[in-house]
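If you want the building blocks of each chain, they are given just below.
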Amino acid sequence: MQPPNPGPSDTPRPISRIATVPRELAGERADRAAAVLFDEFSRAMLTRWIQEGALVCNGVPVRPRDRLRGGEELRLEALALLREDWSSAQPVGFSIVYEDEHLLVIDKPAGVVVHPGAGNPDGTLVNGLLLHRPALAALPRAGIVHRLDKDTSGLMLVAASSEARVRLVAMLAARVVSRRYLALVEGRLRGDCVIDQPIGRDPVQRTRQRVRDDGRPALTRVRVLERYRVHTLIEATLETGRTHQIRVHLAYVGHPLVGDSRYGARGRLPTGAQPATVAALQGLRRQALHAWRLELEHPVTGATLAFEAPLPADLEGLRGILGADVRAFAEPSAGGVAG
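Procedures and definitions
Here the residue numbering is sequential within each chain, running from 1 through the sequence in written order. Local features are withheld for residues below a pLDDT of 70 in this predicted model, meaning they are given only at 70 or higher, and side-chain atom pairs are given and counted only at 80 or more; totals for whole chains, interfaces and linings count all residues. To obtain the side-chain values, all non-hydrogen atoms of the structure were used and water was disregarded. Here a helix means four or more residues in a row that DSSP labels H or I, a strand means two or more in a row labelled E, and each is numbered from the N terminus. In this description the radius of gyration comes from C-alpha coordinates, and the expected globular size is given by 2.2 Å times residues to the power 0.38. Each residue is assigned to one of three classes by its accessible area relative to the maximum for its type, calculated with a 1.4 Å probe on protein chains only: buried under 20%, partly exposed between the two thresholds, exposed over 50%. For the purpose of charge, His is not counted, nor are the chain termini; Lys and Arg are scored as positive and Asp and Glu as negative. In this description, the location of a charge corresponds to atom NZ of lysine, CZ of arginine, CG of aspartate or CD of glutamate. Buried Ala, Val, Leu, Ile, Met, Phe, Trp, Tyr and Cys residues form a nonpolar core when they are joined through side-chain atoms within 4.5 Å. Contacts are assigned to residue pairs that have any heavy atoms within 4.5 Å of one another. Only strands that DSSP links by at least two bridges are regarded as paired with each other. To estimate the expected span of a helix, subtract one from its residue number and multiply by 1.5 Å. What the arc describes is the spread of directions from the helix axis to the C-beta atoms. A fitted line through C-alpha atoms represents every axis, and for helices the fit uses only the stretch in contact; the resulting angles, taken between N-to-C directions, go from 0 to 180 degrees. By the definition adopted for this analysis, an angle is roughly parallel if under 35 degrees, roughly antiparallel if over 145, roughly perpendicular if from 65 to 115, and oblique otherwise. Definitions for this section: a left-handed crossing has its near helix turned counterclockwise from the far helix by less than a right angle. A right-handed crossing has that turn clockwise. Just so you know the grouping, Ala, Val, Leu, Ile, Met, Phe, Trp, Tyr, Cys and Pro go in nonpolar, Asp, Glu, Lys and Arg go in charged, and all remaining residues, Gly too, go in polar. Salt bridges are defined as contacts in which a side-chain nitrogen from Lys or Arg sits within 4 Å of a carboxyl oxygen from Asp or Glu.

J.: A description of the overall build of the chain should follow, citing residues and the corresponding values.
T.: When its secondary structure is counted, the chain shows seven helices and 15 strands. Whereas a compact globule of 339 residues would reach a radius of gyration of roughly 20 Å, the chain reaches 22 Å, a difference of no more than 12%. Referenced to the eigenvectors of the C-alpha coordinate spread, the extents of the chain come out at roughly 75 × 45 × 40 Å. Buried residues in the chain amount to 50% of all 339 residues. Charge-centre separation for the chain: the mean point of 45 positive side chains lies 5 Å from the mean point of 38 negative side chains.

J.: Tell me about the nonpolar core, and please be specific about residues and values.
T.: Ranked by internal contacts, the top residues of the largest apolar core, which has 42 residues, are Phe 38, Trp 49, Leu 76 and Leu 157. When residues no more than four places from it in sequence are discounted, the contact partners of Trp 49 are Ile 15, Phe 41, Ala 54, Leu 55, Leu 76, Ala 78, Leu 79 and Ala 80. Ranked by size, the runner-up nonpolar core spans 33 residues in total, among them Leu 136, Ile 144, Ile 246 and Leu 257.

J.: Lay out the side chain of Asp 31 with the relevant residues and their values.
T.: Locating Asp 31 in the fold gives a position in helix 1 (residues 30-37). Residues within four places of Asp 31 in sequence aside, it is in contact with Ile 50 and Pro 64.

J.: An account of unusual backbone geometry is needed here, citing residue identities and associated values.
T.: At Arg 141, a position not held by glycine, the phi torsion is positive, near 55 degrees. Inspection of the secondary structure assignment puts Arg 141 in the loop between helix 3 (125-132) and strand 7 (153-159). The backbone of Arg 175 shows a phi angle near 65 degrees, a positive value even though the residue is not glycine. Turning to its location among the elements, Arg 175 is positioned in the loop between helix 4 (162-173) and strand 8 (178-186).

J.: I'd like a description of the sheet that holds strand 4 (residues 73-80), backed by residues and values.
T.: Across the sheet, which stays open at both edges, the four strands sit in the order 1-4-2-3 with antiparallel pairing between neighbours. Edge positions in the sheet fall to strand 1 (13-20) and strand 3 (60-61), since each has one partner strand and no second.

J.: Now, about the environment of Arg 63: what can you tell me, with residues and values included?
T.: Within the secondary structure, Arg 63 is located in the loop between strand 3 and strand 4. Given a relative accessible area of 45%, Arg 63 falls into the partly exposed group. Considering only alpha carbons, one finds Arg 63 and Ala 30, 33 residues apart in sequence, at a separation of 7.0 Å.

J.: Now, about helix 7 (residues 313-329): what can you tell me, with residues and values included?
T.: Between its first and last C-alpha, helix 7 extends 24 Å over 17 residues, near the 24 Å set by a 1.5 Å rise per residue. Among the residues making up helix 7, those that are buried are Leu 315, Leu 318, Leu 322, Gly 323, Asp 325 and Val 326. Seen along its axis, helix 7 keeps its buried residues to an arc of 155 degrees; they face one direction. Facing away from the buried side of helix 7, by more than 90 degrees, are the exposed residues Ala 313, Arg 327 and Ala 328. Packing partners of the buried residues in helix 7 comprise strand 8, strand 12 (219-227), strand 13 (231-238), helix 6 (275-283) and strand 14 (289-297).

J.: I'd like a rundown of the packing of helix 1 against helix 2 (residues 43-51), residues and numbers included.
T.: Look at helix 1 against helix 2: their axes get within 10 Å of each other, and the N-to-C directions meet at 130 degrees. When the interaxial angle is binned, helix 1 and helix 2 end up oblique. Taken as a pair, helix 1 and helix 2 cross one another with a handedness that is right-handed. Counted together, Asp 31, Ala 34 and Ala 35 of helix 1 and Arg 43, Leu 46 and Ile 50 of helix 2 form the full contact between these two elements. Residue classes in the contact of helix 1 with helix 2 are distributed as four nonpolar, no polar and two charged.

J.: Kindly report on the pattern of salt bridges, identifying the contributing residues and their values.
T.: Counted under the stated rule, the structure contains 20 salt bridges. Across the pair Arg 75 and Glu 77 runs a salt bridge, and its minimum N-O distance is 3.4 Å. Here Glu 295 ties to Arg 180 by a salt bridge, and the two come within 3.1 Å at their closest N and O atoms. Here Arg 180 lies in strand 8 and Glu 295 lies in strand 14, a separation of 115 residues in the sequence. Shared partners join several salt bridges into a network, and the residues in it are Arg 180, Arg 293, Glu 295 and Glu 308.

This is the structure:
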């Protein structure tokens, strides 16, 4: 792998990437495998490059629909206009949960953007990772293999070697990494549910996603943990990894995440709530979503790994206040918080 090009630029630069197709992608189309293995580039860029003959498989140019067997060498040679800074090491706040020569697991705080992009050319998690471990500059996206939204907190996997990166990307695509989230949503969910609805880009508001019949398959399992007067604490398990999946799915069933005005949160308040409850709900400046648990096999050793990150202070504090609100307004026969 070639290291990222130094600094943003308005001049197209040659990029060169090589990857071996893992067994998890056997039978996949070439364009879809490329999107997984070279995920630092947009699908539109990859599609254009494939049509221009920039992607070769074992030395032979491939078509987007060509099927792969697994084990082939994909080589991408193209020109790219890179405006963001993927190479500067900068101090950015995050916690290390686990680290070895192949893998890092980090706990990202809310407010940190994962990688450079429009409006965030630097000062991202990528830049912070490069300060913590400069060798990550040799990997695409500094080892980032999946994302969390800027205002979602919690656990993320980061590859620290080329071998681990290819395997992690394939494992995520094959859905063999368990990812669980905690979320506070508006309204009282009646019970556990499975939301199986396809998701695609909103044709009107391009920064949003929405449930749409021609979208990509998306499945979220929802488990009720605690019910409050007009809110619910849930655990959401991703079976797929679509953009904004949990936010879109919960909004679709009428229970948007607390604080998530982009997807329909109305700022609901319990009737007669105390000032502290009102202040806590209105003071949350992000969607109430936290990636709390990861389970996977180590991408190189195969060892079983499980990691947890407790709710951060803002969400734990809100949870406590909502619980206190229930107790304050409960009737003598109510029996407390329902789980």
